[in-house]
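Structure at a glance
Spelled out from the first residue to the last, the chains are:
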Amino acid sequence: MRREELEGALNRLAADAKKAGGWGREKWTRKTKKLLVCLGDREKYQTCATKIEAATWSTEWLYDVVWLKASAEFLVRDVILVAEIEWGNERDVWDAFQKLPLARADYRVMIFDDKPGLRGRLMKQARKFGKRGPGDRYFLASCADGEFTVYEEVARRPEESEA
């Protein structure tokens, strides 16, 4: 997945919300999960997301949305994407983000309400995580004034990070 692809899809979703006169947090979460599930399906991945009928498995599996490759018996061979979605206060976003560095996935996605300085603090946490590997990729999709901006960060080796 490309950063631009995710940003475009989220902004189309935001336009739908604006046309509808706005959505509450629960509807935003459901629509965002469905969007991520559809993107994963299009790429031929199996997906997990609670209460999203389009998902391969309509259940949460550690994260709000997961794209994976697994057998019918759910023997996981690869995890492509993990995503957390949080529209709450800064502490809720921070707590949800803490799960992402733990994932061995190609993409770690955080979708959240923009707060001043929050994105920088989230990335500082990702950079300080000692078990990261070169190439660990994060997409931080922050929403401000009804528009999403997706920032991409590819982690460096621990010894290359700032002190």
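The structure displayed is predicted, hence computed values, not measured ones.

1. Observations regarding the overall build of the protein chain
When you go through the protein chain residue by residue, the secondary structure sums to four helices and six strands. Along the protein chain, helices and strands appear, N-terminal first, in the series α-α-β-β-β-α-β-α-β-β. Expressed as lengths along the three principal axes of its C-alpha atoms, the size of the protein chain is roughly 45 × 45 × 25 Å. Going through the 163 residues of the protein chain one by one, you find that 44% of them count as buried. Contacts in the protein chain between residues at least 24 apart in sequence constitute 49% of all its contacts with a sequence separation of at least 6. Split by element, the accessible area of the protein chain, about 8700 Å² in all, is 47% carbon and sulfur. When the 31 basic and 28 acidic side-chain charges of the protein chain are each reduced to a single mean position, those positions are 0 Å apart.

2. Re the pattern of salt bridges
Counted according to the given criterion, the structure contains 13 salt bridges. Here R91 ties to D95 by a salt bridge, and the two come within 3.1 Å at their closest N and O atoms. Highlighted residues: R91 and D95, both in helix α3 (residues 90–97), separated by four residues, approximately one helical turn. For D95, a relative accessible area of 38% puts it in the partly exposed group.

3. A closer look at helix α2 (residues 25–42)
Given 3.6 residues per turn, any residue in an α-helix points the same way as the ones three and four places further on. Over its 18 residues, α2 runs 26 Å from end to end, which matches the ideal 26 Å to within 8%, given 1.5 Å per residue. Every buried residue of α2 is accounted for by W28, T32, K33, L35, L36, V37, L39 and G40. Its buried side turned inward, α2 meets α1 (3–19), β1 (46–48), β2 (65–70), β3 (76–86), β4 (107–113) and β6 (147–154). Just beyond α2, the residue with positive phi is K44, at close to 70 degrees.

4. Some remarks on the pairing of β3
In terms of residue burial, β3 counts as a mostly covered element, since eight of its eleven residues are buried. The sheet contact formed by β2 and β3 spans six bridges and is antiparallel. The residue of β3 that forms the bridge with K69 is D78. Turn length for the β2-β3 hairpin, with the two strands adjacent in sequence and antiparallel, is five residues, and the turn residue F74 shows positive phi of about 70 degrees. In terms of strand pairing, β3 meets β4 through six bridges, oriented parallel. Each residue of the ladder has a partner; that of L81, found in β4, is Y107.

5. Things to note about the packing of α3 against helix α4 (residues 118–128)
Put simply, α3 and α4 touch, their axes get as near as 11 Å, and they point 25 degrees apart. Between α3 and α4, the interaxial angle falls into the category roughly parallel. Considering how the two elements wind past one another, α3 and α4 form a crossing that is right-handed. Contacts between α3 and α4 pair E90, V93, W94 and F97 from the former with L118, R121, L122, Q125 and A126 from the latter. Taken together, the residues of the contact of α3 with α4 break down into six nonpolar, one polar and two charged.

6. Digging into the sheet that holds β4
Strand order across the open sheet formed by six strands is β1-β2-β3-β4-β5-β6, with mixed pairing between neighbours. Looking at which strands have only one partner, the edges of the open sheet turn out to be β1 and β6. Taking the axes of each pair of neighbouring strands and ignoring which way they run, one obtains an average angle of 20 degrees across the sheet. Where strand β5 (residues 137–144) and β6 come together, eight bridges link them in antiparallel fashion. Residue A141 lies in a different strand from β6, and its bridge partner there is V150. In this fold α1 packs onto β4, β5 and β6, with an angle of close to 160 degrees to the strand it touches most, β6. On top of the sheet, α4 reaches β4, β5 and β6; it is set at about 165 degrees to β5, its chief contact.

Calculation notes
- Residues numbered from 1 in each chain as written.
- Predicted model: local features only at pLDDT ≥ 70, side-chain atom pairs only at ≥ 80, totals over all residues.
- Heavy atoms only, no water.
- Helix = DSSP H or I, 4+ residues; strand = E, 2+ residues; numbered from the N terminus.
- Buried < 20%, exposed > 50% of the residue type's maximum accessible area, 1.4 Å probe, protein only.
- Contact = heavy atoms within 4.5 Å.
- Areas by Shrake-Rupley, 256 points an atom, 1.4 Å probe, with all protein chains shown as cover.
- Lys, Arg positive; Asp, Glu negative; His and termini not counted.
- Charge placed at Lys NZ, Arg CZ, Asp CG, Glu CD.
- Salt bridge = Lys/Arg side-chain N within 4 Å of Asp/Glu carboxyl O.
- Expected span 1.5 Å × (residues − 1).
- Pairing = 2+ DSSP bridges.
- Axes fitted to C-alpha atoms, helices over the stretch in contact; angles between N-to-C directions.
- Parallel < 35°, antiparallel > 145°, perpendicular 65-115°, else oblique.
- Left-handed = near helix turned anticlockwise from the far one by under 90°.
- Nonpolar A, V, L, I, M, F, W, Y, C, P; charged D, E, K, R; others polar.

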